[in-house]
Each structure stands twice: as C-alpha cells, then as structure tokens.
Amino acid sequence: MKSGFYGAPTVVCIFCQDDFLFKVADAFCIAENMILQATELGISSCIISRGEETFDSEEGRSLAKNWGVPEDYSCQCFVILGYIDGAQPKSKPRRENRVVVVE
C-alpha cells in the first residue's frame, strides 16, 4: 500500500463508524485540521481519498482486523506526513477574475 502514498514516512488512516450520516464530512474535517496543524509545525502533508476502496480487499480487511478496527468502521481517507526533501514549492499564481464578491 505504501506506493500510493508517495513514499511518505507516516500515513494516518481516518476511520469512521459506518452508520453515521456525516462520516465523510467529519473525516475530511479531521484530515483538514491535521494538515493545518502539520503545516504550523513545519511538516508537509497531503489528504489522500479512496480510504474505503483501499480497505475493500483481502489485504485491507486483514490490516484493519489486525489493528483492532471494529467491523462497523470504514476508512474514509488518509493523511500523509513527512518533511520535504529540498525547498518548499512556490504557490501557483491565482487566476484573475476567478472570485467575485457580491455585495
């Protein structure tokens, strides 16, 4: 599974209870808060989706079971964490007229 995570040294799997209506929204709010805090600490990060698809395999189910994840929980997304090898990439310039403020 590591190749899908760009070689990051740390991968956080965010699991949520299956019968919770807002599990996807909550999972991505958790992930966003994690990357904001990581950035504050100087750690690079990225949110990776496809959590459910990744664990929907024999290997994935085996990992979840070995980790003690309850059967009624599913992975919604991942957060990869690490340090950049080199300089921080520059942000791309914003396109003009993409944001319109209506008063």
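Residues numbered from 1 in each chain as written. Predicted model: local features only at pLDDT ≥ 70, side-chain atom pairs only at ≥ 80, totals over all residues. Heavy atoms only, no water.

**Q** Which residues make up the nonpolar core, and what are the values?
**A** Counting residues in each nonpolar core, the largest one holds nine residues, listed as F5, A8, I48, F55, A64, V69, C75, F78 and I80. Of all the elements, strand β3 (residues 73–82) adds the most residues to this core, at three residues. Apart from the residues within four sequence positions on either side, I48 is in contact with F5, Y6, C77, F78 and I80. One finds I14, A27, A31 and A38 within the second-largest nonpolar core, a separate group that totals eight residues. (Core = buried A, V, L, I, M, F, W, Y, C linked by side-chain atoms within 4.5 Å. Buried < 20%, exposed > 50% of the residue type's maximum accessible area, 1.4 Å probe, protein only. Helix = DSSP H or I, 4+ residues; strand = E, 2+ residues; numbered from the N terminus. Contact = heavy atoms within 4.5 Å.)

**Q** Go over the side chain of Q76 with me, naming the residues and quoting the values.
**A** By the secondary structure assignment, Q76 is in strand β3. In contact with Q76, other than residues within four places in its own chain, are I14, C16, K23, V24, A27, F28, R50, G51 and E52.

So, to be careful, I would describe these as geometric facts and stop short of saying anything about function.
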